[in-house]
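Below are the chains, spelled out letter by letter.
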Amino acid sequence: MTPIPRALRPPFGRATRWSWTLVLLLGAACSGDETPLSEAAQRGRATYNEVCIACHNPNPALAGSVGPAVAGSSLELLEARVLRREYPPGYEPKSNSNAMPAFPQLADRIDDLHAFLAESAR
């Protein structure tokens, strides 16, 4: 193989080439770990982004500015807390706050929201 003449080589050194190689490899490694969301979870993510991230973290596995982490919440908890502003019998809340209002208008979207929060917990 014929070496590339110095005048035609890129204007950066070996360290820069290695840096870019490392960036590309890390990017490829990180991008393959994400599992696509189901259709229900995608609809639930849209609801979560419209309503919930005002108080909860955009990443439901993390605590938000006001609300706790909610990834993996049970359907029973979501129905009680989101629709009726209460807790299921025997449930111990992470923080006993009355800051969250009820959202009865989300009754037809609660299954999708549950799917999103369940898939976010994986």
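Above this text you will find the structure in question.
Just so you know, these numbers come straight off a predicted model, no measurement behind them.

### Focus: the layout of surface pockets
Okay, so step 1: Counted as a void, the largest pocket has a volume near 600 Å³.
Okay, so step 2: Within the residue set of the lining of the largest pocket, elements represented by two or more residues are helix 2 (39-51), helix 3 (75-84) and helix 4 (110-120).
Okay, so step 3: Per element, the largest residue contribution to the lining of the largest pocket is 4 residues, and it comes from helix 3.
Okay, so step 4: Looking at the lining of the largest pocket residue by residue, the class counts come to 22 nonpolar, 6 polar and 2 charged.
Okay, so step 5: Put simply, the second largest pocket is a space of about 300 Å³.
Okay, so step 6: For the second largest pocket, the full set of lining residues is Thr-35, Pro-36, Leu-37, Arg-45, Pro-58, Asn-59, Pro-60, Phe-116, Glu-119, Ser-120 and Arg-122.

### Some details on the side chain of His-56
Okay, so step 1: As for its placement among the helices and strands, His-56 is situated in the loop between helix 2 and helix 3.
Okay, so step 2: A distance of 2.9 Å separates a polar atom in the side chain of His-56 from the backbone oxygen of Pro-68.
Okay, so step 3: Sequence-distant contacts of His-56, that is, excluding residues within four places in its chain, are made with Tyr-48, Gly-64, Gly-67, Pro-68 and Val-70.

### Structural notes on the packing of aromatic side chains
To describe a pair of aromatic rings, one takes the distance between the centres and the angle between the planes.
Okay, so step 1: Counted under the stated rule, the structure contains 2 aromatic pairs.
Okay, so step 2: Here the aromatic rings of Tyr-48 and Phe-116 are separated by 5.4 Å at their centres, their planes lie at 50°, and the arrangement is tilted. Separated by 68 residues along the polypeptide, Tyr-48 in helix 2 and Phe-116 in helix 4 bring together distant segments of the chain.
Okay, so step 3: Considering the side-chain rings of Tyr-87 and Tyr-91, the 5.7 Å spacing of their centres and the 15° angle between planes classify their relative orientation as stacked.
Okay, so step 4: Since its relative accessible area comes to 25%, Tyr-87 is described here as partly exposed.
Okay, so step 5: Here Tyr-91 falls in the partly exposed class, since its relative accessible area comes to 30%.

Calculation notes
Residues numbered from 1 in each chain as written. Predicted model: local features only at pLDDT ≥ 70, side-chain atom pairs only at ≥ 80, totals over all residues. Heavy atoms only, no water. 1 Å grid on protein atoms, 1.4 Å probe; cavity = no way out; pocket = protein on both sides within 12 Å on 5 of 7 lines; lining within 4 Å. Points joined across faces, edges and corners; volume = space filled by probe spheres on them. Helix = DSSP H or I, 4+ residues; strand = E, 2+ residues; numbered from the N terminus. Nonpolar A, V, L, I, M, F, W, Y, C, P; charged D, E, K, R; others polar. Polar contact = N/O pair within 3.5 Å; in protein donor to acceptor, adjacent residues only side chain to side chain. Contact = heavy atoms within 4.5 Å. Phe/Tyr/Trp six-rings, centres within 6.5 Å; stacked < 30°, edge-to-face > 60°. Buried < 20%, exposed > 50% of the residue type's maximum accessible area, 1.4 Å probe, protein only.

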